[in-house]
Amino acid sequence: MSHYSNSDSNLVNDLETIVVDEEAIRCRLVELGKEINEAYTGRELAVIAIINGAIIFVADLIRQLDVSIQLDCIRVSSYRDETSPIQRPEVIDKIRLDLEGMDVLLIDDILDTGNTLKRITEIVSNMGPSSVKTCVLLDKQGRRSVDFEADFVGFTISDQFVVGYGLDFAERYRQLPCIGVLRPELQNPPEWA
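Residues numbered from 1 in each chain as written. Predicted model: local features only at pLDDT ≥ 70, side-chain atom pairs only at ≥ 80, totals over all residues. Heavy atoms only, no water.

1. Describing the environment of L45
Item 1. Here L45 lies in strand β2 (residues 45-51).
Item 2. Those residues in contact with L45 that lie beyond four places of it in its chain are I36, Y40, V67, S68, I69, Q70, M102, D103, V104 and L105. (Helix = DSSP H or I, 4+ residues; strand = E, 2+ residues; numbered from the N terminus. Contact = heavy atoms within 4.5 Å.)

So, in structure tokens, the structure goes:
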């Protein structure tokens, strides 16, 4: 029997607790937009989204920006079907924008161990941009395994496995409008038929 349903209300029932609700996300998006606009006033910005996880966050955040942007995406595999990130993130799809001399803002859903953002920052830095900054929806500072901090942070959270608002478990739960902790008994993909 599958626990997965297409109904958001049923999916919310799969959460043990809600960590960040819809209203808090909406308010923080406006604040983050102001911070980024101030940092890049009068400049064009290349926004690089690390997908799939950041896709909803990026879509909502860039609508808050007044600066001119170019958008590209990079696909990285960090978790697969696990609740902990793999040691070496795999770059699956590459950046197509010419970043030479550009101000670049990398956007990811979560800063956990720091391995993914550190690796992507190194890749982007080798493409000759004039600056590289990072923005994350969530920061789990207690999980860091490398020396790396984001320039813009939506929320700092404790070390819990969360889903919703783009974050997934085995590619499920991304469409939830809030961010919550998945009930432990549901963190086992073979049960899904």
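What follows picks up the thread again.
2. Considerations on the sheet that holds strand β9 (residues 179-182)
Item 1. Read from one edge of the open sheet, three strands run β1-β9-β8, paired in antiparallel fashion. With one partner strand each, in any of the chains shown, β1 (15-20) and β8 (162-163) form the two edges of the open sheet.
Item 2. Direction of pairing for β8 relative to β9: antiparallel, over a ladder of two bridges. From the neighbouring strand, V162 faces β9, where its bridge partner is V181. (Pairing = 2+ DSSP bridges.)

3. Looking at the confidence of the model for the protein
Item 1. Looking at the protein, pLDDT values average 88 and 85% of them are 70 or higher.
Item 2. Segment residues 1-6: pLDDT under 50, and 15 contacts once partners within four positions in sequence are set aside and those in other chains are kept. (pLDDT = per-residue confidence, 0-100.)

4. Quick word on the pattern of salt bridges
Item 1. All told, the structure shown has 15 salt bridges when counted by the stated rule.
Item 2. In this structure, the salt-bridge partner of D139 is R144, at a minimum N-O distance of 2.6 Å.
Item 3. For D139, a relative accessible area of 2% corresponds to the buried category.
Item 4. Between R143 and D159 there is a salt bridge, and its shortest N-O distance comes to 3.7 Å. Within this pair, whereas R143 is found in the loop between β6 (131-139) and β7 (152-156), its partner D159 is found in the loop between β7 and β8, the two being separated by 16 residues in sequence. (Salt bridge = Lys/Arg side-chain N within 4 Å of Asp/Glu carboxyl O. Buried < 20%, exposed > 50% of the residue type's maximum accessible area, 1.4 Å probe, protein only.)

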